[in-house]
Every structure is written in C-alpha cells, then in structure tokens.
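Reading the structure
Chain by chain, the residues:
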Amino acid sequence: MTTHVLVTGGAGYIGSTLVPMLIEKNYKVTVYDLFNFGSESLLSCSLSPNLTLIKGDVRDEESLKKAMADVEYIIHLAAIVGYPACSKDPELARTTNIDATRLIVKNMNPHQKIIFSSTGSCYGAIPDGFCTEETPLSPLSLYGSSKAEGEQICKEVNGVILRLATIFGISQRLRLDLLINDLSYKALREKQFEVYESHFRRTFLHIKDVARAFVFSIENYDVMKGQVYNVGGDSLNFTKWDICNFIKEALPECSITQSNNGTDADKRDYKVSYEKIRKLGFEPVITVQEGIRELIMFLPHLSNEYIKHTKNV
Ligand SMILES: NC(=O)c1ccc[n+]([C@@H]2O[C@H](COP(=O)([O-])OP(=O)(O)OC[C@H]3O[C@@H](n4cnc5c(N)ncnc54)[C@H](O)[C@@H]3O)[C@@H](O)[C@H]2O)c1
C-alpha cells in the first residue's frame, strides 16, 4: 500500500524540494500549509494523483486533526524560520514553533511517526566549538530556543529529530537569507563587498541532500526513532572566508575583502560532527562549489516578482 506522508509547511524552501522527491518515490503526500509564500512552489507535481494540498494553520487544532487523520508519517516543517522573523513577532514564533508542535504530538495516534525539522541554531555558542548530538544546547535566539523546545516535544512520542546544517542551493521556493545563497546573490549584485567575522566556522548542506535526509529518515525510521541526528557532512564544515573564496573562484570579477568592523548577529562559530548519521549510511552528495555554481547561473535571471518571495522578513 502507498505510504501516506503529511508535510506541514510543505510549500516552503525545504518542502518544495522534498515534496516532489516524495511524489517521485511514490509516496502519497498531503501538504498542510498556510502558503505564506504561495503554492507556486509545488506546481511541478500538480498532476500527481498522490498529491493533496490543504490550506491550514498548524495552530488550528480541528483542521490539523482532519489533515492528520489517515497519515502514517508526519514531516513537521511548518515554522517561523530564522532569528529575524522570530524576533519580529515573538508571539507568532512561540505559538507556531512550540504550541503547534505540541498540538501535533497531542493528536498523533500510537501508530503515527513524526520527523521534526530542527536546526544547528539550537546549539548556540559552543565553548570548545565542536558539537556532537550530546553537546548541551544553549540557543542564543528565540528561533533556536523554540526549535529546541519543539525537539523535546517530539521526543515524547519517540520522533526522529533532524538537526540540519545551514542549507544552500536552489529550491522552487527560494530563500536568499541563508549564508551561501545570500553571499552569492551579494557577489552578483554588488561585485565588491566586505565580510566581517570571516573566520567564523559554519556547517552547510545542499537543499537536495536535506530532502534526501527526510526520505532516509522515513526509510530508516525504526532504527532512528527517539533520537537526534546532526544532518550534514564532515566535508561541509567551512569558515565564512572559505565560502567567500569558493564564490570568488566562480566569479573572478568579484572582490570580497575581510573586515574587522561589524559583528555577526548569528554568533555560531562551530564545527559539527556528522558521524552518527553517516554510520547509518547517510552522506551528502552535493558540494558547496556545485551549489554556488547553480546559484550563480540562476540568480541573475530571476524575476523581481520572484525575488520578493525569497525573504522571510
Ligand atoms: N532552511 C534552513 O537552513 C533550515 C535549517 C534548519 C532547519 N530548518 C527548519 O526546517 C523547516 C522548514 O524551513 P524552510 O527553510 O523550508 O522555511 P520556509 O519559511 O521556506 O517554509 C515554512 C513553511 O511553513 C509555512 N507555515 C508557516 N506558519 C505556518 C502555520 N502556522 N501553519 C501552516 N503552515 C505554516 C509557510 O507558509 C512556509 O511554506 C523549519 O521548521 C525550519 O526551522 C530550516
């Protein structure tokens, strides 16, 4: 029988790459989303008899219950995403990222399985700068703390928690507020700019590998359940300056220099271990250089109308 997956927030940056991948793999998919950024991102699977769209709010218990009724897996992506969007409306961030996660878990039946989309932002500033899944969480923002709370709630029902690296690359609903996407766009537009705190170490993952990780979690749910996994690759830990150098290689006419003026509001400076998920057999396949190449190829030709939908605040 076809496995039925509910994807909350399925029309967003991750969802719009993940949902077509699930459809392609013959899953039955229900997308439950407020469509804050429209539903155009899912047009590529519009003809599939296995796709259902529901416009709904994860904070609306009655509507949520109906959408959850006959699904086997819930991939919970819907959220107010990133520290700027959460700081702009903290109440909306708490009710969406925490209370709605509690509503989902409360309404799950014992056979349903949940995969929660968490983030490396939960770690915050790490004293020794090296994280494994056992490293205590000390989030620095409401975004990070609300996602850390979401993790705890999903653990109560033995869910799989994926702590994703910072994503890059092109998706049907694009986000340009993510570090590699943002710097690539800046390099194309401004040609010359400075980066501050360029020695900060971050960790990255291409959007297609993110989608593969969710599919991998469905396929390996029984061994992964009840646990947290950092999702990324050991070869995808880089400093901001490394990223700038990759961009300069792809766009030699662009000049990026290091500056001592300014601080990064995102204080994360860490290296993350991906040994746990690698040992289960998951490894990213797309490099940062490949992602920068696709960004540089597509970004100059996107319409202004499309670009408007790429910012979360
Ligand atoms: N993009 C990243 O780098 C990244 C990294 C780690 C974790 N995550 C997590 O992955 C998830 C998805 O992130 P994204 O980048 O796709 O974000 P996104 O903002 O592109 O997508 C979020 C989707 O959720 C929907 N949504 C928001 N509030 C809703 C509500 N109340 N009810 C129903 N739908 C609602 C929006 O309409 C949107 O389609 C989030 O939980 C985020 O915390 C993202």
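What you are looking at is a predicted structure, and each value in this text was computed from that prediction instead of being measured. Think of each chain on its own: its residues are numbered from 1, step by step along the sequence as written. Two thresholds apply to this predicted model, a pLDDT of at least 70 for residue-level local features and 80 or more for giving and counting side-chain atom pairs, whereas whole-chain, interface and lining totals are computed over all residues. Heavy atoms throughout the structure, all of them, feed into the side-chain values; hydrogens and water do not.

A look at the environment of Ile207
Counting from the N terminus, the helices are DSSP H or I runs at least four residues long and the strands are E runs at least two residues long. For Ile207, the location among the structural elements is in helix H7 (residues 207–219). The spatial distance from the C-alpha of Ile207 to the C-alpha of Gly15 is 9.8 Å, given a sequence separation of 192 residues. Note on definitions: a residue-residue contact is assigned when non-hydrogen atoms from the two residues lie within 4.5 Å. With residues up to four places along the chain from it excluded, the contact list for Ile207 reads Tyr13, Ile14, Thr17, Ile167, Phe168, Gly169, Ile170 and Ser171.

Focus: the pattern of salt bridges
Each salt bridge in this description consists of a side-chain nitrogen of Lys or Arg and a carboxyl oxygen of Asp or Glu lying within 4 Å of one another. Under the definition given, this model contains 14 salt bridges. The salt bridge partner of Asp177 is Arg175, with a shortest N-O separation of 3.0 Å. Classification of residues uses two cut-offs on accessible area relative to the type maximum, computed with a 1.4 Å probe and protein chains only: under 20% is buried, over 50% is exposed, and between them is partly exposed. The exposure class assigned to Asp177 is partly exposed, which follows from its relative accessible area of 35%. Bridged by salt links that share partners, the residues Asp99, Arg102 and Glu149 form one connected network.

Examining the site of the ligand
Residues in close proximity to the ligand total 31 residues, the closest being Asp33, Tyr143, Lys147, Arg173 and Arg175. Contact between the ligand and Tyr13: an oxygen atom at 2.8 Å from a main-chain N or O atom of the residue. The term polar contact refers here to a pair of N or O atoms within 3.5 Å; inside protein, the definition further demands a hydrogen-donor-capable atom paired with an acceptor-capable atom, and it admits residues adjacent in sequence only when both atoms are side-chain atoms. At 2.8 Å from a nitrogen atom of the ligand is found a side-chain nitrogen or oxygen belonging to Asp57. For accessible areas, the Shrake-Rupley method is used with a probe of radius 1.4 Å. Any residue's cover is judged against the shown protein chains and nothing else. A total of 830 Å² of accessible area belongs to the ligand in isolation, and the protein chains cover 98% of it. Of all the secondary structure elements, the ones that give two or more residues to the shell around the ligand are strand S5 (113–119) and helix H5 (142–155). Polar here means any residue other than Ala, Val, Leu, Ile, Met, Phe, Trp, Tyr, Cys and Pro, which are nonpolar, and Asp, Glu, Lys and Arg, which are charged; Gly is therefore polar. Of the residues that constitute the shell around the ligand, the class distribution is 16 nonpolar, nine polar and six charged. Proximity is defined per residue: if any heavy atom of the residue lies within 4 Å of a molecule or strand, that residue is considered near it.

As for the UniProt feature "domain: NAD-dependent epimerase/dehydratase" (unreviewed entry) in the protein
UniProt positions are given in the numbering used here, feature names are shortened, and annotations may be inferred rather than shown by experiment. The UniProt entry lists residues 5–232 under the feature "domain: NAD-dependent epimerase/dehydratase" (unreviewed entry), expressed in the numbering used here. Along residues 5–232 one finds 37% helix and 22% strand; the C-alpha atoms at either end are 23 Å apart.

Some thoughts on the nonpolar core
As used here, the term nonpolar core means buried Ala, Val, Leu, Ile, Met, Phe, Trp, Tyr and Cys residues forming a set that is joined through side-chain atoms within 4.5 Å. Membership of the largest hydrophobic core comes to 77 residues, with the highest contact counts inside it found for Leu18, Leu22, Ile75, Phe214 and Val288. For this core, the two domains that each supply at least three residues are domain 1 (4–168 + 205–232) and domain 2 (179–203 + 235–271 + 286–308). With residues near it in sequence (within four places) discarded, Ile75 still touches Val5, Leu6, Val7, Thr8, Leu18, Leu22, Ile115, Phe214 and Ile218. Listed in part, the 21 residues of the second largest apolar core include Ala67, Phe116, Cys154 and Ile161. Start and end points for every domain follow an automatic or database-based domain assignment.

Looking at the domain arrangement of the protein
Examined at the domain level, the protein breaks down into domain 1 (4–168 + 205–232) and domain 2 (179–203 + 235–271 + 286–308). Here the C-alpha centroids of domain 1 and domain 2 sit 26 Å apart. Taken together, the 19 residues of domain 1 in the interface contact 18 residues of domain 2. When the two sides are added together, the surface that domain 1 and domain 2 hide from each other amounts to roughly 1500 Å², 59% of it contributed by carbon and sulfur. Our count for the domain 1 to domain 2 interface comes out at zero salt bridges. Along the contact surface separating domain 1 from domain 2 lie seven residue pairs in polar contact (both at pLDDT 80 or more). Of all the elements in the fold, those that place two or more residues in the side of domain 1 that touches domain 2 are strand S6 (130–131), strand S8 (166–168), strand S10 (201–206) and H7. By convention, the term buried area covers the 1.4 Å-probe accessible surface removed from two parts as they join, with the contributions of both added.

Describing the sheet that holds strand S11 (residues 228–231)
Strands are labelled as partners when DSSP assigns at least two bridges between them. Read across the open sheet, the seven strands follow the order S3-S2-S1-S4-S5-S7-S11; overall the sheet is parallel. Looking at strand neighbours, the two that pair on one side only are strand S3 (51–55) and S11, the edges of this open sheet. Direction aside, the axes of adjacent strands within the sheet are offset by 20 degrees on average. Bridge count between strand S4 (residues 73–76) and S5: four bridges; the pairing is parallel. Residue Ile75 lies in a different strand from S5, and its bridge partner there is Ile115. Between N-to-C directions, angles span 0 to 180 degrees; the directions come from axes that are lines fitted to C-alpha atoms, helices contributing only their stretch in contact. The sheet strands contacting helix H2 (residues 61–68) are strand S1 (4–8), strand S2 (28–33), S3 and S4, and the helix crosses S2 at an angle near 170 degrees. Across the sheet, helix H4 (residues 90–106) is in contact with S1, S4 and S5; its angle to S4 comes to roughly 175 degrees.

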